[in-house]
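# Examination of the molecular architecture
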Amino acid sequence: MLNKEVTIYDLAEKLNLSPATVSRALNDDPVVKKKTRKVIHEAAKELGYRKNTFARNLRNQRTNTIGVLVHELKSNFITSVLAGIEKVTTEAGYDLIIAHSSESFEKEAANALNLFHKRVDGLIASLASNTENLDHFNPFEEKNIPVVFFDRVEENTNSTKVIIDNYTCGYKATQHLIEQGCKQIVLVTADLRRNVYGQRHKGYVAALADAGIAYDENLVLIKDLSEHCGVEAALEIIRMNKRPDGAFITNDFSAAVCMQTLKEHGIRIPHDIAVVGFNDDAISKIIEPQLTTIRYPGTEMGELAALNLINHLQGLTNLHHTKTIIVRSDLVIRQSSLRKSFNETTHP
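Description of the structure in this document. (Residues numbered from 1 in each chain as written. Predicted model: local features only at pLDDT ≥ 70, side-chain atom pairs only at ≥ 80, totals over all residues. Heavy atoms only, no water.)

What follows concerns the overall build of the protein. On a plain count of helices and strands, the protein comes out with 14 helices and 12 strands. Scaling as 2.2 N^0.38, a compact globule of 348 residues should have a C-alpha radius of gyration of about 20 Å, whereas the protein reaches 26 Å, well beyond that. Each principal axis of the C-alpha atoms in the protein carries an extent, and together these give about 90 × 40 × 35 Å. Looking at the protein residue by residue over its 348 residues, the buried ones come to 49%. As displayed, the protein offers around 17800 Å² of accessible surface, 50% of which is attributable to carbon and sulfur atoms. (Helix = DSSP H or I, 4+ residues; strand = E, 2+ residues; numbered from the N terminus. Rg over C-alpha atoms; globule rule 2.2 N^0.38 Å. Buried < 20%, exposed > 50% of the residue type's maximum accessible area, 1.4 Å probe, protein only. Areas by Shrake-Rupley, 256 points an atom, 1.4 Å probe, with all protein chains shown as cover.)

Laid out in C-alpha cells, this is it:
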C-alpha cells in the first residue's frame, strides 16, 4: 500500500471534496477559493501526490520536453550553450533531456532514436566529428518534429542552423598573426570534414594567400583538440626544421596546454611564437601570458537555438523560413599574440 501512487481521487476522499475541485485546485484554477486551494496543496504534499504530467501530455499530443544532443559534455563551450538553452526552455515551461555522442556517429544515431521514442517535442543538436549524413534525423522530419542544429552542422541541408562565421574567424585569427610579423604559422585543428574546422581552415588558407604566404600542409596539424593534443602539438612544433613563429590553435584548452609545454622547453611566448586560441574559455585569462582568442558566445547560441525552436512549437514563427542564424564572434587580443610590440620593446 505504501508504494501505491496517490491520485486526485484519494485526495478528494480524504478532504471530502469532488475530484473536479481537487483537480482545479492543483492546477491553481481561481475558480476554487484560495483557502481551499491551500488545504488541497497541503494535503497533496502530505500524502506525496505527484501530478501525472505524462498522461496529460499524451492526451495533448505534447510532452513539453526538448531533446538536446551534443558531441561532448566537458567543454566550457557546450556548458555555456546548455546554460543558454536551459534558460529559455525553463522560462517557456519545457523540460530538457540531454544526451551526448562522445564524438561517435553510432552513439549519436542511437541517442537520436532514443530521443525520438521519448516523444520530445523538438530537438537541438550538435554533430559528432565523424557524422557524415543526417539520415538518423529523418524520423523527426517525417513526424514534423522540428530540429535545430548548432555549432557542428551539415552545411548543405535545408535544416535550421545556428552558427558563427567560422571562415571569417579563421581569417581574422591568421591575419592578426601575420600583422604581428608571423610568416610561418602552424594551424592546430580537428577533422576538416566537420564544418567548424573545415571553415576555419579555409579562412586560414585565404589569409595566408592574401598576405602572399605560401600554404604548407606540413604546418596543418589535425588533432582531437584534447589535453594530449596540446602536448603533442607543442612537441611537433619544437621538432620542426623551421620552427613556426605563429600558432593558431582552434581550442583554448589545447592552446593553453600547448603554450605551457612550449614554455617548459624554453620557448618564449609571444617573443618566439605568437599564439591565438578559439572559444574565449576561462582558461584563456588564467594562462600566462593571457591568450588571444576568438570569442565564441555559447550562451547566446544556446538561447537563439532554443528560442527559435520554441517559437516554432508555439506557432509564433516558422523554422522553415529561417535556414541559417549567424551569431557574432570577435577576436579578443591579449598578450599571447602581441609578438610585434613585444619585439619592438625588447629590440628597439
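From this point, the discussion proceeds with the structure in view.
When we look at a pair of aromatic rings, we describe it by the centre distance and by the angle of the planes. Counted by the stated rule, this structure contains seven aromatic pairs. Between the aromatic rings of Phe116 and Phe140, the centroid separation amounts to 5.5 Å while the plane-to-plane angle is 75 degrees, which identifies the pairing as edge-to-face. Separated by 24 residues along the polypeptide, Phe116 in helix α6 (residues 105-117) and Phe140 in helix α7 (residues 138-142) bring together distant segments of the chain. With a relative accessible area of 1%, Phe140 lands in the buried category. Between Phe248 and Phe278, the ring centres sit 6.3 Å apart and the planes meet at 35 degrees, which makes this aromatic pair tilted. In this pair, Phe248 is assigned in strand β8 (residues 246-249) and Phe278 in the loop between β9 (274-276) and α12 (283-286), connecting sequence segments 30 residues apart. In this structure, Arg200 is placed above the aromatic ring of Phe278, and the distance from its NZ or CZ to the ring centre is 3.6 Å. (Phe/Tyr/Trp six-rings, centres within 6.5 Å; stacked < 30°, edge-to-face > 60°. Lys NZ or Arg CZ within 6 Å of the ring centre and 35° of its normal.)

Applying the stated criterion across every chain yields a total of 11 salt bridges. Residue Arg152 pairs with Glu103 through a salt bridge whose shortest N-O separation is 2.7 Å. With a gap of 49 residues between them, Arg152 in the loop between β4 (147-150) and β5 (160-163) and Glu103 in the loop between β2 (95-100) and α6 connect regions that are remote in the sequence. On the basis of relative accessible area, Arg152 is assigned to the buried category, the value being 3%. (Salt bridge = Lys/Arg side-chain N within 4 Å of Asp/Glu carboxyl O.)

Once that is clear, we can look at the sheet that holds strand β7 (residues 220-222). Strand order in this open sheet of four strands is β7-β6-β8-β9, and the pairing throughout is parallel. On the outer flanks of this sheet lie β7 and β9, each paired with one strand and no other. Strand after strand, the sheet turns through a mean of 15 degrees between neighbouring axes, direction not considered. In the sheet, strand β6 (residues 185-189) pairs with β7 via three bridges, with the strands oriented parallel. In the strand pairing of β7, Thr189 is matched with Ile222. (Pairing = 2+ DSSP bridges. Axes fitted to C-alpha atoms, helices over the stretch in contact; angles between N-to-C directions.)

Covered by surrounding structure in β8 are Gly246 and Phe248 together with Ala247 and Ile249, the residues of both alternating faces. In terms of strand pairing, β6 meets β8 through four bridges, oriented parallel. Paired with Val188 across the bridge in β8 is Ile249. Two elements, β8 and β9, share three bridges in a ladder whose sense is parallel. Bridging across to β9, Ala247 finds its partner in Val275. Regarding the hand of the β-α-β motif, the stretch spanning β8, helix α11 (residues 252-264) and β9 is right-handed. (Right-handed = clockwise from strand over helix to strand, strands pointing away.)

This part is about helix α2 (residues 19-26). Since the α-helix turns once every 3.6 residues, residues separated by three or four places project in the same direction. Those residues of α2 lying buried are Val22, Ala25 and Leu26. For α2, the arc enclosing every buried residue in end-on projection is 95 degrees, short of the 170-degree limit, so these residues lie on one face. Looking at the buried residues of α2, the elements they touch are α1 (8-15) and α3 (34-47). Positive backbone phi, approximately 55 degrees, marks Asp28, located one or two places after α2. (Arc of directions from axis to C-beta. Contact = heavy atoms within 4.5 Å.)

Next up on the list: the packing of α1 against α3. When two helices pack together, their arrangement is given by the angle between the helix axes and the distance between those axes. Close contact between α1 and α3 brings their axes to 10 Å; oriented N to C, the two are set at 115 degrees. Here the hand of the crossing between α1 and α3 comes out right-handed. Contact residues: Leu11, Lys14 and Leu15 in α1; Val39, Ile40, Ala43, Ala44, Glu46 and Leu47 in α3. The residue makeup of the contact of α1 with α3, split by class, is seven nonpolar, no polar and two charged. (Left-handed = near helix turned anticlockwise from the far one by under 90°. Nonpolar A, V, L, I, M, F, W, Y, C, P; charged D, E, K, R; others polar.)

Glancing now at the packing of helix α10 (residues 227-239) against α11. Remark: α10 packs on α11, axes separated minimally by 7 Å, with the N-to-C direction vectors making an angle of 45 degrees. Between α10 and α11, the angle is such that the two are oblique. Judged by the twist between their axes, the crossing of α10 over α11 is right-handed. Side by side, α10 and α11 meet where Glu227, Cys229, Gly230, Val231, Ala233, Ala234, Leu235, Ile237 and Ile238 of the first sit next to Phe253, Ser254, Val257, Cys258, Thr261 and Leu262 of the second. The class makeup of the residues in the contact of α10 with α11 is 11 nonpolar, three polar and one charged. (Parallel < 35°, antiparallel > 145°, perpendicular 65-115°, else oblique.)

Remember that the coordinates give geometry; whether it matters functionally is a separate question.
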